[in-house]
Amino acid sequence: MFRYIYRNLKFTIKDLLKNTAKALISSFGILFLISFLVLYLSLRTSMKDYIGEKLFGKLAINEIVIYPKAGYGKDVYSTIASKRNTIRPSIVKRIRRMKDFSRVYSLIRLNYESKILVELMGRSKKPHAPLYGIEPGFFAGKNRRWRQFRTKAVLPIIAPKLVIKLFNNYAAVRGMPQFTEKQLIGFPGELYIKTSDYYAEEEIKYKFPVKLHSLTSDLEFSGLLVPNDFIVKFARKHSRDSGKYKKGYSYVRLFARVKNIKDLPAITKKLQKMGLKVKSQSDISKKTNRALEIVDSVSLLIGSIILILTVIAIFNSYLIIVHNRSYGFSLKRVIGVSKIRIVFNFLIEAAVIGVIYGLIGFFVGSYLTTYLSLNLSKWIPVLKGLVLVPAGKALLIKAILLSVSVSCLSALIPALFASNMNLFKAVRKMG
Amino acid sequence: MLKIDKVSISFGSRKILDDISLEINERSIVAITGKSGTGKSTLLGIISGLMKPDSGKVFFENQDIYRWSDFKRSRFRNRKMGFVFQFFSLLPEVTAYENIMYPAILNPFTSKNIKDEIKELIDFLKLGDIADQYPSTLSGGERQRVAIARAIINKPRIILADEPTGNLDDDTTYDIIDLFKKLKEERGITTLLATHEKKLVENSDISYNLENGALSLQKRKKIRSGKKSAPTLRAVEEKKPAKKRPKKAKP
């Protein structure tokens, strides 16, 4: 039996190699289909990211930001100037108790003067750095290392992305090399918090070793971010350092995830009644998603037309192949090859062609994506800033599967023709 | 061994075979004659299980072959039948040796010593020099001998030959006739010939004429008496060496 399988396999492979080379030329259409698909999917993903990032920021559709009424639209710095720019703790408690939210994160600000000391190639700087705190969970899904953002002996700090520019500007002026974001992560420093009043006779200062955890653009603030439990504990511990009671921190923003997006209008009204402002993406996101759905539907329609045309073209080519090879098929049938085996062999040939064109199509599509990425903004200036993401490995497998399916689908009916032709006459006449 | 029972087939309104019955015994050469288009090839197609008749049955060893699945009929063709056609019908992309080998590849019961068997067959059919050549480089007679080798590699019970000598010259035709006779005598293979070649008919054990969809038994004597009789096998054998062998120069 093993010998039988081996002999058949050997003969089938030999047959396959010989016929595939010929069939490759006639099935050229699959290449265009797969290339188009790869290019389209890259374009679509990039467009979606571009629209999401450039037009709507990082807020998800079910996320809302709750502001103090006076603080809406202002930088968080303004919170230090007036109590009206903060959210009262009683209101925060009320909001946390509301059942409309699955999660509520609070951005708090330490109401003491703080500075950070950094040393770079023998030079040190100690600029003012307002200190904010937030629950680590806020970064879940936004920052891969969010679990490491918790209070430790060396305090992790998150800085706004702007810092890297300031850092590199400073480095450039001093003739130092430029830094990348990765290089800066883990950069050490010292945090100084002064709890005594400006006019106090004795200055009370605390020093904490810190290291940079990451940079973020998820929050609009210009200070340093630490885990909020650090700020809460510190504020409680040192609230009476200056001799009189002073509340150590204030609520600046609340970030909440709404359980049911349909309830958003009612929730917004409730929050507005509490004297707060709400910012959400729900309306605009709905419209964007609708627009993307329309783009997807049109693309699907175009893709389907291309798919059908490709299938028809390849089907036609396979019919010609069957006609040209009818002598061989007939002869094999006469000699003792069954119908199923003829169909199976033909489909295997089609599948091999599908794999080959799936691979080539993927790489052609990827190359076109890269080429477009470099040149698209030159041709269409409106799309400046659109970065086309090259297709990933997952798409390669999908492209091959689609290509194989299209090829086999196109070959199925010709294969059935091949197995059902008037064999005896075909052999007799075509010899 | 093979029995055709009241077989009929029509193509459109044209009736090709009409209630034909025929019985073929083992170790015989049966010829079916008739004009072009009378349905000789169709009859062979039906016998081989490739063309289902409109009515009637085909029995092989008392089993109705059209009750079998296509897979079983394919196996049956592969193991029990051999085919020889007018235009040789060899796979052009493989060598003569691989052409002979092909039916054996499809047969799971092919013996381990298949290569030795092919070698023996090549010697038997005098194909030694051409085994590694492609069909396009072979002469008509050589191609037909390769086709016959392919037809008998699986040791079939019957060979269906459709105009096997239609494309060959007289000498080669006699070679092929000899071969069929030899196959019958030495290997016990029955041959069913569809032909209008008189030489083949004369050397068959029994011959039928197919006309207007009906099969009638033909008497050999009648054929011989009609026109100038074909040379007997012995006569051809005596003639052949004289034609082929170059005269040796005397020392």
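Further up the page is the structure itself.
Now for a description of the structure that goes with this document. (Residues numbered from 1 in each chain as written. Chains lettered and ligands numbered in written order. Predicted model: local features only at pLDDT ≥ 70, side-chain atom pairs only at ≥ 80, totals over all residues. Heavy atoms only, no water.)

Moving on, we come to the overall build of chain A. Along the backbone of chain A there are 12 helices and 11 strands. Within chain A, the proportion of its 431 residues that are buried is 45%. Intrachain contacts of chain A at a sequence separation of at least 6 include 80% that bridge at least 24 residues. Carbon and sulfur atoms provide 62% of the accessible area of chain A, an area that totals close to 24000 Å². (Helix = DSSP H or I, 4+ residues; strand = E, 2+ residues; numbered from the N terminus. Buried < 20%, exposed > 50% of the residue type's maximum accessible area, 1.4 Å probe, protein only. Contact = heavy atoms within 4.5 Å. Areas by Shrake-Rupley, 256 points an atom, 1.4 Å probe, with all protein chains shown as cover.)

As a further point, take the pairing of strand 1 (residues 2–11) of chain B. All names here are of chain B. Pairing geometry for strand 1 and strand 4 (residues 55–60), over 5 bridges, is antiparallel. Looking at the pairing, Ser-8 lines up with Ser-55 of strand 4. Strand direction decides the pairing type here: strand 1 and strand 2 (residues 14–24), joined by 7 bridges, are antiparallel. Bridge pairing links Val-7 to Ile-20 in strand 2. (Pairing = 2+ DSSP bridges.)

Once that is clear, we can look at the interface of chain B and chain A. Counting residues at the interface gives 38 residues for chain B, matched by 27 residues for chain A. In total, chain B and chain A occlude about 3000 Å² of area from one another, counting both sides; carbon and sulfur atoms represent 66% of this. Three residues, Tyr-102, Ile-105 and Leu-106 of chain B, lead the burial of chain B against chain A; their summed loss comes to 19% of the area buried on that side. The interface formed by chain B and chain A holds 1 salt bridge in total. Between Arg-333 of chain A and Asp-70 of chain B there is a salt bridge; the shortest N-O distance is 2.9 Å. In this assembly, chain B and chain A are joined by 7 residue pairs in polar contact (both at pLDDT 80 or more). Elements that contribute at least two residues to the side of chain B that touches chain A include exactly helix 1 (40–47), helix 2 (70–80), strand 6 (81–85) and helix 3 (96–106) of chain B. Counted by class, the side of chain B that touches chain A contains 19 nonpolar, 10 polar and 9 charged residues. (Buried area = accessible area lost by both parts, 1.4 Å probe. Salt bridge = Lys/Arg side-chain N within 4 Å of Asp/Glu carboxyl O. Polar contact = N/O pair within 3.5 Å; in protein donor to acceptor, adjacent residues only side chain to side chain. Nonpolar A, V, L, I, M, F, W, Y, C, P; charged D, E, K, R; others polar.)

Let us look at the sheet that holds strand 10 (residues 214–218) of chain B. Strand pairs in the sheet, formed through backbone hydrogen bonds, run parallel or antiparallel to each other. Residues and elements named next belong to chain B. Taking strand neighbours across the sheet as the criterion, the 6 strands line up as 6-7-8-3-9-10 in an open arrangement whose pairing is mixed. Each edge of the open sheet is held by one strand with a lone partner, namely strand 6 and strand 10. Each adjacent strand pair in this sheet contributes to an overall mean axis angle of 20°, direction not counted. In terms of strand pairing, strand 9 (residues 206–211) meets strand 10 through 5 bridges, oriented antiparallel. Along strand 10, the bridge assignment pairs Asn-209 with Ser-216. (Axes fitted to C-alpha atoms, helices over the stretch in contact; angles between N-to-C directions.)

One finds Ile-100 and Phe-180 of chain B to be the most contacted residues of the largest nonpolar core, which totals 80 residues. Here this core gets 9 residues from one element, more than from any other, and that element is helix 11 (residues 393–420) of chain A. Beyond its immediate sequence surroundings of up to four residues, Ile-100 of chain B is in contact with Ile-118, Leu-121, Ile-122, Leu-127, Val-146, Ala-149, Arg-150 and Ile-153 of chain B. (Core = buried A, V, L, I, M, F, W, Y, C linked by side-chain atoms within 4.5 Å.)

The next point concerns the pattern of salt bridges. All told, the structure shown has 19 salt bridges over all chains when counted by the stated rule. With a closest N to O distance of 4.0 Å, Glu-163 of chain B and Lys-40 of chain B form a salt bridge. Highlighted residues: Glu-163 of chain B in the loop between strand 7 (158–162) and helix 6 (170–187) and Lys-40 of chain B in helix 1, separated in sequence by 123 residues. Comparing Glu-163 of chain B with Lys-40 of chain B, the two get one shared label, buried. In this structure, Arg-157 of chain B engages Glu-61 of chain B in a salt bridge whose closest nitrogen and oxygen atoms are separated by 2.0 Å. Of this pair, Arg-157 of chain B sits in the loop between helix 5 (140–152) and strand 7 while Glu-61 of chain B sits in the loop between strand 4 and strand 5 (63–64), and the two are 96 residues apart along the sequence. Through salt bridges with shared partners, one network takes in Glu-113, Lys-194, Glu-203 and Lys-205 of chain A.

Residues and elements named next belong to chain B. At a minimum axis distance of 10 Å, the contact between helix 5 and helix 6 shows a crossing angle of 15°. Relative to helix 6, the element helix 5 lies roughly parallel. Crossing hand, helix 5 versus helix 6: right-handed. Contacts between helix 5 and helix 6 involve Gly-141, Gln-144, Arg-145, Ile-148 and Ile-152 from the former and Thr-172, Ile-176, Leu-179, Phe-180 and Leu-183 from the latter. (Parallel < 35°, antiparallel > 145°, perpendicular 65-115°, else oblique. Left-handed = near helix turned anticlockwise from the far one by under 90°.)

All names here are of chain A. Note: strand 6 (residues 155–160) against strand 8 (residues 205–216), 6 bridges, orientation parallel. For Pro-160, the partnering residue across the bridge sits in strand 8 and is Thr-216. With 7 bridges connecting them, strand 7 (residues 188–194) and strand 8 associate as antiparallel partners. By the bridge assignment, Tyr-192 is partnered in strand 8 with Lys-207.

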